[in-house]
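In case you want the letters, here they are:
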Amino acid sequence: MIRPSTQARYMAGMVVDSTGSGMYLPLSLLFFHHVTGLPIERVGVIMTAAALFSLVANPIAGVLVDRFGARAVVVGGYLVRAVGFAAYPLVDSPLTMFLAVALVALGDGSYPPSIQSFVAAIARGADRDRLLAAQRSLRNAGLGAGGLIAGAALGLGSDAAYRVIVLVSAAAFAGAALILRTIPVPGGRDRTATRAGAAAPAPAAARGSGGYRLVLRDRTFLALTLQNVPTAFGYMVLSVALPVYVTQELGVPASLVGVLYAVNTVGIALLQIPVTRRLIRYRRTRTVAGGAATFGASFAAFALLAGVPVRPVALAGVFAATALFTLGEMLHGAPLSALVSSAAPEETRGRYMAVYQFSWAIPITLAPAVLTALLSLSPISMWLLLAAGVSGSALTMLRLEPRLPARAVHARVPDDPEVPEDSEDPENPEDPENPEDPENPEDPENPEDPEDLLEDPGKTDTDDRRAATATQKAGVE
């Protein structure tokens, strides 16, 4: 069980991080336009070119996580971004702007694989789902609070407000680094490698640079990664396609676009934790598939609204479809993150998370161009294409379920029978003073045995478990 102090420190770091990010994100283009005097279009091109460095940082971060531990990479990424933001007020030309944004992009690219690996290291089983749900909830709240603070600062009409905002964001990243640095990693940064090393050498992929070949040979994990691509495009509609669609096609006032964002962010901030608490009893694969199907229903609803001539009805439909989208996000986001990190072998989790992250990075990069092009061709076709894509993701997730490790499918199954991470926990059945033998996987009294936890007929059957075990071993070997 994750210690309350660990969870509190982790969530404090997320709040500090997201508040700083929320202060800067709404005015990123405006800041450099204001500081350098460059046209807004040119600022956008330079920022996009520099942001490509995040794609380079992603696989590098995967290697560093496996070699030095997730916590070190998370902290290092925060510090890199802090330095980059601190350099923003010094920008005075297109070149210095490119260099500063590229530095921040390197830190941004290292964040997803390292933070997912870090959460997997400090929380296991259902605790991982709960921590990820709390993270999504508080990050949405922090981003919203940061945006409000930035708006109030800019409302003062002072040129210094821009510089103060980016410097506060830099301080927030540095503060988050200091907070997360104090969180202990159970068993050290290479718990599994150290434990396995007592009996056998660590896998070559975990030691050498050829580790990504291991991931590319894991067909189940590659399928898990690819099925996320359509859904990642779906996530982007809220910021890219929806504002254009509702204002230009449905005639919704532009002032209400912000309210739609509030429905999404406030809904997640308030409901993500209680929703996840109720979902833990179900298979993660079923929950993720249900979330993708809910996305599909919301996209179909947006398509149907194009044929509604009555404006009040169309307006009500927009809010209902946005609420449905928000529900899909709550069902899909946290369980999928927990599922993917649990499906990856611990020795090479950094590389696995880096490969998986491309299923987000590529759609995020391409979504503005792809979605706007589809909107210009046929708005209804865009929504129906997105609905078909996420429905395909849902079906693929269900088909992958028997091939995934039991620990990935079921939140209540531990990552492994050994839990040496918290010997001070009075509920830890493998406490050194516990007379039962934690090393005996056939002990019927051992509550941490994954096989015992799967005896319930509503869970994966024996054949599924054997297939999942074979898949897991293939991924490690």
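Analysis parameters
Residues numbered from 1 in each chain as written. Predicted model: local features only at pLDDT ≥ 70, side-chain atom pairs only at ≥ 80, totals over all residues. Heavy atoms only, no water. Helix = DSSP H or I, 4+ residues; strand = E, 2+ residues; numbered from the N terminus. Contact = heavy atoms within 4.5 Å. Areas by Shrake-Rupley, 256 points an atom, 1.4 Å probe, with all protein chains shown as cover. Patch = residues over 30% accessible without salt bridge, like charges linked within 9 Å, V, L, I, M, F, W, Y side chains within 5 Å. Salt bridge = Lys/Arg side-chain N within 4 Å of Asp/Glu carboxyl O. Buried < 20%, exposed > 50% of the residue type's maximum accessible area, 1.4 Å probe, protein only. Phe/Tyr/Trp six-rings, centres within 6.5 Å; stacked < 30°, edge-to-face > 60°. Core = buried A, V, L, I, M, F, W, Y, C linked by side-chain atoms within 4.5 Å. Arc of directions from axis to C-beta. Axes fitted to C-alpha atoms, helices over the stretch in contact; angles between N-to-C directions. Parallel < 35°, antiparallel > 145°, perpendicular 65-115°, else oblique. Left-handed = near helix turned anticlockwise from the far one by under 90°. Nonpolar A, V, L, I, M, F, W, Y, C, P; charged D, E, K, R; others polar. Polar contact = N/O pair within 3.5 Å; in protein donor to acceptor, adjacent residues only side chain to side chain. Expected span 1.5 Å × (residues − 1). Bend = angle between axes of the 7 residues up to and from the residue.

1. Comments concerning the overall build of the protein chain
- Helix and strand content of the protein chain: 22 helices and zero strands.
- Here the analysis covers contacts within the protein chain between residues at least 6 apart in sequence; of these, 82% occur between residues at least 24 apart.
- Carbon and sulfur atoms make up 65% of the accessible area of the protein chain, which amounts to about 20,700 Å² in all.

2. Side note on the environment of Ser 93
- Its location among the elements puts Ser 93 in the loop between helix H5 (70–87) and helix H6 (94–122).
- As a C-alpha pair, Ser 93 and Leu 38 span 55 residues in sequence and 8.7 Å in three-dimensional space.

3. Concerning a nonpolar patch on the surface
- Taken together, Val 56, Ile 60, Leu 64 and Phe 68 make up a surface patch of nonpolar side chains, about 350 Å² in accessible area.
- Relative to the helices and strands, Phe 68 resides in helix H4 (residues 53–68).
- The exposure class of Phe 68 is partly exposed, given its relative accessible area of 45%.

4. Remarks on the pattern of salt bridges
- Enumeration according to the criterion identifies nine salt bridges in this entry.
- Measuring nitrogen to oxygen at the nearest pair gives 2.4 Å for the salt bridge that ties Glu 401 to Arg 283. Of the two residues, Glu 401 is situated in the loop between helix H19 (379–400) and helix H20 (406–409) and Arg 283 in the loop between helix H15 (257–279) and helix H16 (284–305); the sequence distance between them amounts to 118 residues.
- For Arg 286, the salt bridge identified is with Glu 401, shortest N-O distance 2.8 Å. Of this pair, Arg 286 sits in helix H16 while Glu 401 is found in the loop between H19 and H20, placing the two residues 115 residues apart along the sequence.
- Overall, the relative accessible area of 44% leaves Arg 286 in the partly exposed class.
- Several salt bridges share partner residues, and in doing so they unite Arg 283, Arg 286 and Glu 401 into one network.

5. Some points on the packing of aromatic side chains
- Taken as a whole and judged by the stated rule, the model has 18 aromatic pairs.
- Ring geometry for Tyr 10 and Phe 118: centres 6.2 Å apart, planes at 40°, overall tilted. Here Phe 118 lies in helix H6 and Tyr 10 lies in helix H1 (residues 4–24), a separation of 108 residues in the sequence. Phe 118 shares its class with Tyr 10; the two are buried.
- By way of ring pairs, the aromatic residues Tyr 235, Tyr 245, Phe 295, Phe 299, Phe 302, Phe 325, Trp 360 and Trp 383 are connected into one cluster.

6. Concerning the nonpolar core
- In terms of nonpolar packing, the biggest core is built from 56 residues, with Phe 221, Leu 224, Val 246, Phe 299, Leu 371 and Trp 383 touching the most fellow members.
- Per-element accounting of this core gives the leading share, nine residues, to helix H18 (residues 349–377).
- Not counting the four nearest positions on each side in its chain, Trp 383 is found in contact with Val 237, Leu 242, Tyr 245, Phe 299, Phe 302 and Ala 303.
- Ranked by size, the runner-up nonpolar core spans 54 residues in total, among them Val 43, Ile 46, Ala 70 and Ala 150.

7. Section: helix H2 (residues 28–36)
- Residues of H2 that are buried include every one of Ser 28, Phe 31, Phe 32 and Val 35, and no others. Burial along H2 is one-sided: seen end-on, the buried residues are contained in an arc of 85°.
- Where H2 terminates, the next one or two residues include Gly 37, which has phi positive at roughly 75°.

8. Observations concerning the packing of H16 against helix H17 (residues 311–343)
- Look at H16 against H17: their axes get within 7 Å of each other, and the N-to-C directions meet at 155°. In this view, H16 runs roughly antiparallel relative to H17, as classed from their interaxial angle. Note on packing geometry: the crossing formed by H16 with H17 is left-handed.
- A class-by-class count of the residues in the contact of H16 with H17 yields 19 nonpolar, eleven polar and two charged.

9. With respect to the environment of Glu 346
- With respect to the secondary-structure elements, Glu 346 resides in the loop between H17 and H18.
- On the basis of relative accessibility, which here comes to 23%, the residue Glu 346 falls in the partly exposed class.
- Of note is the side chain of Glu 346, whose polar atom sits 3.4 Å from the side chain of Arg 124.

10. Thoughts on the side chain of Arg 128
- The topology assignment puts Arg 128 in helix H7 (residues 126–154).
- Within the structure, Arg 128 has its side chain in polar contact with the side chain of Ser 342 (distance 2.7 Å).

11. Regarding the packing of H7 against helix H8 (residues 160–181)
- For the pair H7 and H8, interaxial distance at closest approach is 9 Å and the crossing angle is 155°. As the angle between them shows, H7 and H8 are arranged roughly antiparallel. Where H7 crosses over H8, the handedness of that crossing is right-handed. Here H7 contributes Ala 150, Ala 153 and Leu 154 to the contact with H8, which in turn contributes Ala 161, Tyr 162 and Ile 165.
- Of the residues in the contact of H7 with H8, the class split is six nonpolar, no polar and no charged.

12. A closer look at H15
- Under the 1.5 Å per step criterion, the end-to-end length of H15 is 30 Å for 23 residues, consistent within 8% with the ideal 33 Å.
- The sharpest bend along H15 reaches about 50° and sits at Leu 271, with the proline Pro 274 one to four residues further on.
- Among all positions in H15, only Val 257, Leu 260, Asn 264, Gly 267, Ile 268, Gln 272, Thr 276 and Leu 279 are buried.
- At its buried positions, H15 is contacted by H7, helix H14 (241–249), H16 and H17.

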